[in-house]
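# Inside the fold
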Amino acid sequence: MATQTTAPGAQDTRRGERRVVSNIVRGSIGNLIEWYDWYAYTAFSVYFAAAFFPSGDQTAQLLNTAAVFAVGFLMRPIGGWVLGRYADRRGRRSALTLSVTLMAAGSLIVALTPSYGAIGVAAPVLLVTARLLQGLSVGGEYSTSATYMSEVASPGRRGYYSSFQYVTLIAGQLTALGLQIVLQQVLSASQMEAWGWRVAFVVGAAGAIVVLWLRRGMDESESFERAAAEEGEKGAGDGPARGSLRMLLSYPRQCMVVMGLTMGGTLFFYTYTTYLQKFMVNTSGIAKPTAAWINFFALLVFVLLQPVMGLLSDRVGRRPMLIAFGALGAVVVVPSLTLLSRTSDPVHAFLLMVGPLAVSSLYTSISAVVKAELFPTSIRALGVGLPYALTVALFGGTAEYVALWFKNAGHESWYFYYVTACVLISLLVYIRMRETSDGSPLESEAKA
């Protein structure tokens, strides 16, 4: 009886695919912890706002914590520049390890900082310092993670594999919400406000230690190694250095596309993820624990949609999905937020959240890979990171603050139209941009 043997080529293909999956998993778990630490701030701010900003009513306290949240976003362009440059020069793995170290430091500062009542103004100062470190970290994490996942992914499946960046990004938020729900069950409201919120930041710092160990075992991307080898063979020459701002300025159209496609997508995303929990509590009058459960289940559906949409983009292309997001997103904002402001029913609130999140998945699932496909290897991390982080700082990072400012001024509904206008501007970019996906490996030279 003849025995079947597997062709060496097939074995190599399976081995290579397993290696791809291993690298994606290691990168994704690290990404999850990074974003858990980032979102723990907004998930638990309803409890620690009074500890750092004791005066004023609930809206005023939340406005102060939202301002600090926005300050963290202001560091993201610096993180995108510093760590993007580092990733393009020293490698993706080294930059990812550095970013998680900075995030751990920020979480520890938040966890250990005494309240305003104990140390006065030093408490909010330390809180701002922690968010600056975390903003620096997450600014570099997004660009380097997007670059790494797109470069190690198998040709023809980049959309699917790269979608796991947002799977883990949202899973980080889910983990923060899940821990919040658990703590709400075992601790009283007074205990949560006194010390329970600190547990979340201790968990984040501990998780970062595990990530440091995991990321040490990641492979460097072949695209980066190939680009570095080519540069070594040719010599530095007279051209701009790899990962430099001078080189980035050689790609003005790509930078503008990144900013244009991000503007509406990031504002829409932060409106329906980080801000909506506060909106439910502060406007709809839904109890804090109930709002946390609504957020949790809506985000669970959202995270499951990411790989489905990523896989779809490998079949139909990136551009049609972005156009669909822009068109549907511009239509859904005003009615969904208006109806949500008038209901306290948990089921209705869940449906009004999960519907727009499904629309958002058309953008989030492919956002990272679209940006990565615009740039060559030698400038990819910086090209993705800096223009993206600038746009997120201007629109995503200020989403909560702008929304609460409108509410405080007595014109909350104006924020709904502001989001709609930004999505419409991005829609124009989606319509005019070129398709980026061609199913081939990411090479060292950009397309014209």
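An unreviewed UniProt entry annotates the chain as MFS transporter originating from Streptomyces shaanxiensis. Within the UniProt record for the chain, the comment given under Subcellular location (unreviewed entry) is "Cell membrane".

Between its first and last C-alpha atoms helix H3 (residues 76-90) spans 20 Å; for 15 residues at 1.5 Å apiece the expected length is 21 Å, and the two agree. Of the positions making up H3, those classed as buried are Arg76, Pro77, Gly79, Gly80, Leu83, Gly84, Ala87 and Asp88. One side of H3 holds all its buried residues, which, seen down the axis, span an arc of 150 degrees. Within two residues after H3, glycine 91 carries a phi angle of roughly 120 degrees, on the positive side.

Within the element layout of this structure, arginine 92 appears in helix H4 (residues 92-112). Side-chain polar atoms of arginine 92 contact the backbone oxygen of threonine 377, separated by 3.1 Å. Among all residues touching arginine 92, those that are not within four sequence positions of it are Ala87, Thr144, Thr147, Tyr148, Glu151, Glu220, Ser221, Phe224, Thr377, Arg380 and Ala381.

Interaxial distance between H3 and helix H16 (residues 380-396) falls to 8 Å at its minimum, and their mutual angle equals 175 degrees. As summarised for this structure, H3 and H16 are arranged roughly antiparallel, according to the angle between their axes. Residues Arg76, Pro77, Gly80, Trp81, Gly84, Arg85, Ala87 and Asp88 of H3 form the contact with H16, whose own contacting residues are Arg380, Ala381, Leu382, Gly385, Leu386, Tyr388, Ala389, Leu390, Val392 and Ala393.

Moving on: the packing of helix H12 (residues 252-284) against H16. Where H12 meets H16, the closest approach of the two axes is 8 Å, and the angle between their N-to-C directions is 40 degrees. By the angle class used here, H12 and H16 are oblique. Pair H12 / H16 crosses with right-handed handedness. Here Cys255, Val258, Met259, Thr262, Met263, Thr266, Leu267 and Tyr270 of H12 lie close against H16, whose contacting residues are Gly383, Val384, Pro387, Tyr388, Thr391, Val392, Phe395 and Gly396. Here the residues of the contact of H12 with H16 sort into eleven nonpolar, five polar and no charged.

Core analysis: the biggest nonpolar cluster contains 84 residues, and Phe268, Tyr270, Met280 and Phe375 have the highest contact counts within it. The leading source of residues in this core is H12, at 15 residues. Contacts of tyrosine 270, omitting those with residues within four sequence positions, involve Trp35, Trp38, Tyr39, Phe73, Arg76, Tyr275, Val392, Gly396 and Ala399. If you look at the next biggest cluster of nonpolar residues, it comprises 25 residues, including Tyr36, Ala40, Phe52 and Leu127.

With that settled, the discussion passes to the environment of arginine 434. Along the polypeptide, arginine 434 turns up in the segment after helix H18 (413-432). For the pair arginine 434 and arginine 319, spaced 115 residues apart in sequence, the C-alpha to C-alpha distance is 7.3 Å.

Turning our eyes to something else, we now look at the environment of phenylalanine 53. By secondary structure assignment, the location of phenylalanine 53 is in the loop between helix H1 (8-52) and helix H2 (58-74). On a C-alpha basis, the gap between phenylalanine 53 and proline 124 in space is 7.3 Å, while along the polypeptide they are 71 residues apart.

The subject of this paragraph is the packing of aromatic side chains. Both the distance between ring centres and the angle between the ring planes are used here to describe each pair of aromatic rings. Under the counting rule described, the total for this entry stands at 21 aromatic pairs. Between tyrosine 275 and tyrosine 415, the ring centres sit 6.0 Å apart and the planes meet at 65 degrees, which makes this aromatic pair edge-to-face. A residue pair is termed long-range when its members are at least 10 positions apart, and tyrosine 275 in helix H12 and tyrosine 415 in helix H18 qualify at 140 residues. Looking at tyrosine 415, the relative accessible area reads 1%, which means it is buried. Pairing phenylalanine 279 with phenylalanine 416 gives two aromatic rings, centres 6.2 Å apart and planes at 70 degrees, and the pair type is edge-to-face. Taken as a pair, phenylalanine 279 in helix H12 and phenylalanine 416 in helix H18 lie far apart in primary sequence, 137 residues in all. Like phenylalanine 279, the residue phenylalanine 416 is buried in the burial classification.

This paragraph deals with the confidence of the model for the chain. Looking at the chain, the pLDDT average stands at 83 and 87% of residues meet or exceed 70. For the stretch residues 444-448, pLDDT sits under 50, and the model shows 16 contacts to residues farther than four places along the chain or on other chains.

This brings us to the side chain of glutamine 277. Position of glutamine 277 relative to the elements: it lies in helix H12. Glutamine 277 gets classed as buried once you look at its relative accessible area, which sits at 8%. Apart from the residues within four sequence positions on either side, glutamine 277 is in contact with Ala43, Leu177, Gln180, Lys288, Ala291, Ala292 and Asn295.

Calculation notes
Residues numbered from 1 in each chain as written. Predicted model: local features only at pLDDT ≥ 70, side-chain atom pairs only at ≥ 80, totals over all residues. Heavy atoms only, no water. UniProt positions renumbered as here; feature names shortened; annotations may be inferred. Helix = DSSP H or I, 4+ residues; strand = E, 2+ residues; numbered from the N terminus. Expected span 1.5 Å × (residues − 1). Buried < 20%, exposed > 50% of the residue type's maximum accessible area, 1.4 Å probe, protein only. Arc of directions from axis to C-beta. Polar contact = N/O pair within 3.5 Å; in protein donor to acceptor, adjacent residues only side chain to side chain. Contact = heavy atoms within 4.5 Å. Axes fitted to C-alpha atoms, helices over the stretch in contact; angles between N-to-C directions. Parallel < 35°, antiparallel > 145°, perpendicular 65-115°, else oblique. Left-handed = near helix turned anticlockwise from the far one by under 90°. Nonpolar A, V, L, I, M, F, W, Y, C, P; charged D, E, K, R; others polar. Core = buried A, V, L, I, M, F, W, Y, C linked by side-chain atoms within 4.5 Å. Phe/Tyr/Trp six-rings, centres within 6.5 Å; stacked < 30°, edge-to-face > 60°. pLDDT = per-residue confidence, 0-100.

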